[in-house]
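# Summary of the model geometry
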Amino acid sequence: MRFFRILIFIAACLSGVSVSGQEIDETATAPIGSSKGGAWGYFGLRGGAHFSEVLFSDTFRPVIMQTSFVYGKQYGAVGKLFLAEHAGIQMEVNYIEKGYKQLLDSGFYTTKMNYLEIPLLMNAYLGKQKTQFFVNMGPYLEIFLNQKDELQGVVKDGEEFYRFDPNVDRTIGYGLRASGGLNRLFSFGLLQLEGGLEVTISDMIFSNRLISTIPDSSKHLVGFVSLAYMIPIGKKPDTAGQ
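Rules used in this analysis
Residues numbered from 1 in each chain as written. Predicted model: local features only at pLDDT ≥ 70, side-chain atom pairs only at ≥ 80, totals over all residues. Heavy atoms only, no water. Salt bridge = Lys/Arg side-chain N within 4 Å of Asp/Glu carboxyl O. Helix = DSSP H or I, 4+ residues; strand = E, 2+ residues; numbered from the N terminus. Buried < 20%, exposed > 50% of the residue type's maximum accessible area, 1.4 Å probe, protein only. Core = buried A, V, L, I, M, F, W, Y, C linked by side-chain atoms within 4.5 Å. Contact = heavy atoms within 4.5 Å. Phe/Tyr/Trp six-rings, centres within 6.5 Å; stacked < 30°, edge-to-face > 60°. Lys NZ or Arg CZ within 6 Å of the ring centre and 35° of its normal. Patch = residues over 30% accessible without salt bridge, like charges linked within 9 Å, V, L, I, M, F, W, Y side chains within 5 Å. Areas by Shrake-Rupley, 256 points an atom, 1.4 Å probe, with all protein chains shown as cover. Polar contact = N/O pair within 3.5 Å; in protein donor to acceptor, adjacent residues only side chain to side chain.

### Comments concerning the pattern of salt bridges
Side chains carrying opposite charge are able to pair once their charged atoms draw close together. A complete count under the given rule lists eleven salt bridges for this structure. Arginine 177 is the salt-bridge partner of glutamate 92, the closest N and O atoms lying 3.0 Å from each other. With glutamate 92 in strand S4 (residues 87-104) and arginine 177 in strand S7 (residues 172-186), this residue pair connects regions lying 85 residues apart in the sequence. Overall, glutamate 92 belongs to the buried group, its relative accessible area being 1%.

Here's what the structure looks like:
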């Protein structure tokens, strides 16, 4: 909650600076190059919900286990920067809940893991009016914060069972995100509805491929839907003569 309150405070401060320095133009879109140059962007808050699981596999043997999705939330700060027409960069700092549920013969084991996630995405959009369609794609960095485990039932002898251990396993990872959605500009700011998928390239659980029976591939998979509210930042470029 402290993280969320800090984000609200930052957005409120920037909102005051933006509104006092300029009047929001309802017909404004992402910037079109101007003779005066300069960049145009947005800053705000985002929040959403998602499903998450871990995909276990091994190069040399089949992995006999069943996993299912767990549901979580994500929220944080988001910024967009445009230097050219129809293209820009989107950067975020998010708190995100990931995890997985492993189905056992006599119950289940659930791991919920909290991360600080920092995506850096290329943004492309279509449309010059108040409604725009966009796509995002790029890498992200994830930093493990903490986890909560729950075991209901008993793990039987010989049953494959894998638990994340922050003292042994990787607490910093990276992956790729691909998403798309809709922007809508209003007099009070910009709303962005986004949905997409992200998968880690790094493995969650450490495995010595030569001597370990632990699967050598363990990838976070997340499918999400989010809504962001942003305000204009910077001076709108002069589009006269375009």
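### Comments concerning the nonpolar core
Judged by nonpolar contacts, the single largest core of 15 residues is most densely connected at Phe56, Tyr100, Met113, Tyr115 and Met204. Of all the secondary structure elements, the ones that give two or more residues to this core are strand S1 (40-57), S4 and strand S5 (107-126). When near neighbours in sequence (up to four residues on either side) are disregarded, tyrosine 115 contacts Asn94, Tyr95, Ile96, Lys98, Glu142, Ile143, Phe144, Leu145, Met204 and His220. With ten residues, the next largest nonpolar core counts Val78, Tyr125, Leu185 and Leu190 among its residues.

### Describing the packing of aromatic side chains
Using the criterion set out here, one finds nine aromatic pairs in the structure. Aromatic pair tryptophan 40 and tyrosine 42: ring centres 6.1 Å apart, planes at 80°, arrangement edge-to-face. Overall, tyrosine 42 belongs to the buried group, its relative accessible area being 6%. Here phenylalanine 51 and phenylalanine 69 contribute two aromatic rings whose centre-to-centre distance is 4.7 Å and whose plane-to-plane angle is 75°, an arrangement assigned as edge-to-face. In this pair, phenylalanine 51 sits in strand S1 while phenylalanine 69 sits in the loop between strand S2 (66-68) and strand S3 (70-84), placing the two residues 18 residues apart along the sequence. The exposure class assigned to phenylalanine 69 is partly exposed, which follows from its relative accessible area of 37%. Grouped by ring-pair contacts, the aromatic residues Tyr115, Phe144 and Phe164 constitute a single cluster. Over the face of the ring belonging to tyrosine 115 we find lysine 98, whose NZ or CZ atom lies 5.3 Å from the ring centre. It is arginine 184 that lies over the ring of phenylalanine 186; its NZ or CZ is 5.6 Å from the centre.

### Focus: a nonpolar patch on the surface
On the surface, a nonpolar cluster with roughly 590 Å² of combined accessible area is contributed by Leu81, Leu83, Ile89, Met91, Leu120 and Met122. Taken together, the elements giving at least two residues each to the nonpolar patch come down to S3, S4 and S5. Exposure remark for leucine 81: the relative accessible area of 39% places this residue in the partly exposed category.

### Topic: the side chain of serine 52
Among the secondary structure elements, serine 52 is positioned in strand S1. Within the structure, serine 52 has its side chain in polar contact with the backbone nitrogen of glycine 99 (distance 3.2 Å). Excluding its chain neighbours within four sequence positions, the residues that come into contact with serine 52 are Ser68, Phe69, Val70, Lys98, Gly99, Tyr100, Leu221 and Val222.

### Thoughts on the side chain of aspartate 58
Inspection of the secondary structure assignment puts aspartate 58 in the loop between S1 and S2. By relative accessible area, aspartate 58 is classed as buried at 18%. A polar atom in the side chain of aspartate 58 sits 3.1 Å from the backbone nitrogen of aspartate 216. Apart from residues no more than four positions distant in its own chain, aspartate 58 is found in contact with Val63, Ile214, Pro215 and Asp216.

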